[in-house]
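Listed below, chain by chain, are the residues.
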Amino acid sequence: PPVLRLTRVERRYPEGERWLEVLKSADLEIRTGEIVALCAPSGAGKSTLLHLAGLLESPDGGEVYLGGVATGSLGDAERTRLRRMEIGFVYQFHHLLPEFTALENVMLPQMIRGLGRKEAAQRARQLLSYMRLEARAEHRPSEMSGGEQQRVAIARAVANVPRLILADEPTGNLDPKTAHYVFDALQALVRASGLAALIATHNMDLAARMDRRITLDEGKIVEMA
Ligand code: ADP
Ligand code: ADP
């Protein structure tokens, strides 16, 4: 099955006496190995779509499937479990913990999931080296550049071996050259680990490098050229 599948997804918010229809019968499929750009103007519903895909919100209609599992009928505990197992989140601002080193930041999600310190450290080092950050492992976020911090955030997002990366403007606060470098690292990781990624971005040069581009048009998901 596709890593992520949305069928006829509806999402509306109350707006005064009426409803704001953000998603109207939205359909989407993302398969293993695919990196999909989500390009749409502000307010079009990008965050809503990412939150639905990440099981942080529930649709008002339709179904969200993760790895073939229909999530609509799952309870909160089961949704949280699935989210923690299947999804890695990357944000524009990295939310690294300032008092911890790069290595510890990448170890933490694994230890929360019950992995021993030694195994977590081993995997964290491996991921940091994949991101070409070996030399930064013992540094705190404040001692790193923006691009380095964002690469640590990506390593942390995949530490628990998710199947899907959901990213909201992951390079939004980086200069263009660094943005491409961070994307290179993310792409290499997706390819090497058989993940899939849905990446909201305003950077059209970056979007052009992804496998597919989608946009939101009147609540529908539309493939772009
Ligand atoms: P984007 O991420 O593309 O900027 P959003 O998904 O954040 O768009 O929002 C889409 C629309 O839905 C916007 O008009 C926004 O104001 C509205 N919206 C988002 N979340 C809520 C909410 N919790 N309650 C009411 N309106 C919301
Ligand atoms: P944890 O408790 O391990 O952080 P959660 O399942 O609560 O895991 O959240 C998973 C991810 O979703 C985290 O990266 C968290 O930052 C993010 N997250 C949780 N709630 C929200 C939200 N309302 N909006 C955006 N991101 C969220």
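- For the protein chain, the name recorded in an unreviewed UniProt entry is ABC transporter ATP-binding protein, with Siculibacillus lacustris as its organism.
- Of the protein chain, the UniProt comment under Sequence similarities (unreviewed entry) reads exactly: "Belongs to the ABC transporter superfamily. Macrolide exporter (TC 3.A.1.122) family."

1. Let's talk about the overall build of the protein chain
Okay, so step 1: Of the regular secondary structure elements, the protein chain holds seven helices and ten strands.
Okay, so step 2: The C-alpha radius of gyration of the protein chain comes to 18 Å, within 12% of the 17 Å expected for a compact globule of 225 residues.
Okay, so step 3: Overall, the C-alpha framework of the protein chain stretches about 55 × 40 × 35 Å when taken along its three principal axes.
Okay, so step 4: By the burial criterion, 49% of the 225 residues in the protein chain qualify as buried.
Okay, so step 5: Considering only intrachain contacts with a sequence separation of at least 6, the fraction spanning at least 24 residues in the protein chain is 70%.
Okay, so step 6: For the protein chain, the accessible surface area stands at approximately 11,000 Å², while carbon and sulfur atoms represent 50% of it.
Okay, so step 7: Distance between charge centroids for the protein chain: 5 Å, based on 29 positive and 29 negative side chains.

2. Quick notes on the packing of aromatic side chains
Okay, so step 1: Tallied over the full model, the rule gives one aromatic pair.
Okay, so step 2: The ring of Y65 carries R5 above its face, with NZ or CZ at 5.2 Å from the centroid.

3. Here we look at the sheet that holds strand 4 (residues 61–66)
Okay, so step 1: Spatially, 2-1-4-5 is the arrangement adopted by the four strands of the open sheet, whose pairing is antiparallel. In this open sheet, the two edge strands, each paired with only one partner strand, are strand 2 (18–30) and strand 5 (69–70).
Okay, so step 2: Relative to strand 5, strand 4 is paired through two bridges, and the arrangement is antiparallel. Residue L66 lies in a different strand from strand 5, and its bridge partner there is V69.
Okay, so step 3: In the packing of helix 1 (residues 46–53) onto the sheet, contacts are made with strand 1 (4–15), strand 2 and strand 4, and the angle to strand 1 comes to roughly 125 degrees.

4. Quick look at the nonpolar core
Okay, so step 1: Counting residues in hydrophobic clusters, the biggest one holds 41 residues, and the most contacted among them are V106, L128, V152 and I199.
Okay, so step 2: Among the secondary structure elements, those contributing two or more residues to this core are strand 3 (35–38), helix 3 (102–112), helix 4 (117–130), helix 5 (146–157), strand 7 (164–168), helix 6 (176–193), strand 8 (196–200) and helix 7 (204–208).
Okay, so step 3: Ranked by residue count, the leading element in this core is helix 6, at seven residues.
Okay, so step 4: Apart from the residues within four sequence positions on either side, L128 is in contact with A102, L103, V106, L133, E134, A137, V152 and A155.
Okay, so step 5: The next biggest cluster of nonpolar side chains, apart from the first, holds 30 residues, and it includes L55, L66, A196 and A200.

5. A few points about the site of ligand 2
Okay, so step 1: In the vicinity of ligand 2, the contacting residues are H51, L56, R83, R84, F89 and Y91.
Okay, so step 2: Within the contact set of ligand 2, an oxygen atom lies 2.8 Å away from a side-chain nitrogen or oxygen of R83.
Okay, so step 3: Y91 has a polar side-chain atom sitting 2.9 Å from a nitrogen atom of ligand 2.
Okay, so step 4: The class makeup of the residues in the shell around ligand 2 is three nonpolar, one polar and two charged.

Calculation criteria
- Residues numbered from 1 in each chain as written.
- Chains lettered and ligands numbered in written order.
- Predicted model: local features only at pLDDT ≥ 70, side-chain atom pairs only at ≥ 80, totals over all residues.
- Heavy atoms only, no water.
- UniProt positions renumbered as here; feature names shortened; annotations may be inferred.
- Helix = DSSP H or I, 4+ residues; strand = E, 2+ residues; numbered from the N terminus.
- Rg over C-alpha atoms; globule rule 2.2 N^0.38 Å.
- Buried < 20%, exposed > 50% of the residue type's maximum accessible area, 1.4 Å probe, protein only.
- Contact = heavy atoms within 4.5 Å.
- Areas by Shrake-Rupley, 256 points an atom, 1.4 Å probe, with all protein chains shown as cover.
- Lys, Arg positive; Asp, Glu negative; His and termini not counted.
- Charge placed at Lys NZ, Arg CZ, Asp CG, Glu CD.
- Phe/Tyr/Trp six-rings, centres within 6.5 Å; stacked < 30°, edge-to-face > 60°.
- Lys NZ or Arg CZ within 6 Å of the ring centre and 35° of its normal.
- Pairing = 2+ DSSP bridges.
- Axes fitted to C-alpha atoms, helices over the stretch in contact; angles between N-to-C directions.
- Core = buried A, V, L, I, M, F, W, Y, C linked by side-chain atoms within 4.5 Å.
- Near = heavy atom within 4 Å.
- Polar contact = N/O pair within 3.5 Å; in protein donor to acceptor, adjacent residues only side chain to side chain.
- Nonpolar A, V, L, I, M, F, W, Y, C, P; charged D, E, K, R; others polar.

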